[in-house]
Amino acid sequence: MTEELNNFCTDLKEVFMQQDFARMEEMLAEKTDAEVRELAVYEHDILAKYYEQEKYQMLLAHLNFVAFASYLFEYAGKCGVFAPAEFKQGFQIFLDIYELAKNAANKP
């Protein structure tokens, strides 16, 4: 990822934390499909690495990051930068982490 795109991602995370989703969509709309895809895949792959290493507590401790990555992946999917099967397969990790969080919240 280029430094410019990395800086954009940092700015986007800040806007996400402010829950200004309209502004996020404006910012993302200024990027090419290739850049949106690169961002979504980059964030997804970070989560996938921790998930595959079974570092579930780390993921649960950083649910804001998981939510940001999920939002970005969904946005990219809505833009059509993934084939439907690719989106479904990639999005499964977010569903799995959500189930982990739900199960953790239900434990006494």
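All of these numbers come straight from a predicted model, not from anything done at the bench.

Chemist: Hey, could you run me through the nonpolar core in this one?
Modeler: Grouped burial of nonpolar side chains is what soluble globular proteins tend to show. Core analysis: the largest hydrophobic core is formed by 29 residues, its most contacted members being Leu12, Leu28 and Phe94. Looking at this core element by element, the count peaks at eight residues for helix 5 (residues 63-78). Excluding residues within four positions of it along the chain, Leu12 makes contact with Met24, Met27, Leu28, Phe68 and Leu72.

Chemist: For this particular structure, what's the right way to read the packing of helix 1 (residues 3-17) against helix 5?
Modeler: Helix packing geometry: the angle between the two helix axes and the distance between the axes. Following both chains from N to C, one finds helix 1 and helix 5 inclined at 110 degrees, their axes separated by 11 Å at the closest point. As far as their axial angle goes, helix 5 and helix 1 are roughly perpendicular. Together, Cys9, Leu12, Lys13, Phe16 and Met17 of helix 1 and Asn64, Phe65, Ala67, Phe68, Tyr71 and Leu72 of helix 5 make up the contact between the two elements. Classifying every residue of the contact of helix 1 with helix 5 gives nine nonpolar, one polar and one charged.

How each quantity is defined
Residues numbered from 1 in each chain as written. Predicted model: local features only at pLDDT ≥ 70, side-chain atom pairs only at ≥ 80, totals over all residues. Heavy atoms only, no water. Core = buried A, V, L, I, M, F, W, Y, C linked by side-chain atoms within 4.5 Å. Buried < 20%, exposed > 50% of the residue type's maximum accessible area, 1.4 Å probe, protein only. Helix = DSSP H or I, 4+ residues; strand = E, 2+ residues; numbered from the N terminus. Contact = heavy atoms within 4.5 Å. Axes fitted to C-alpha atoms, helices over the stretch in contact; angles between N-to-C directions. Parallel < 35°, antiparallel > 145°, perpendicular 65-115°, else oblique. Nonpolar A, V, L, I, M, F, W, Y, C, P; charged D, E, K, R; others polar.

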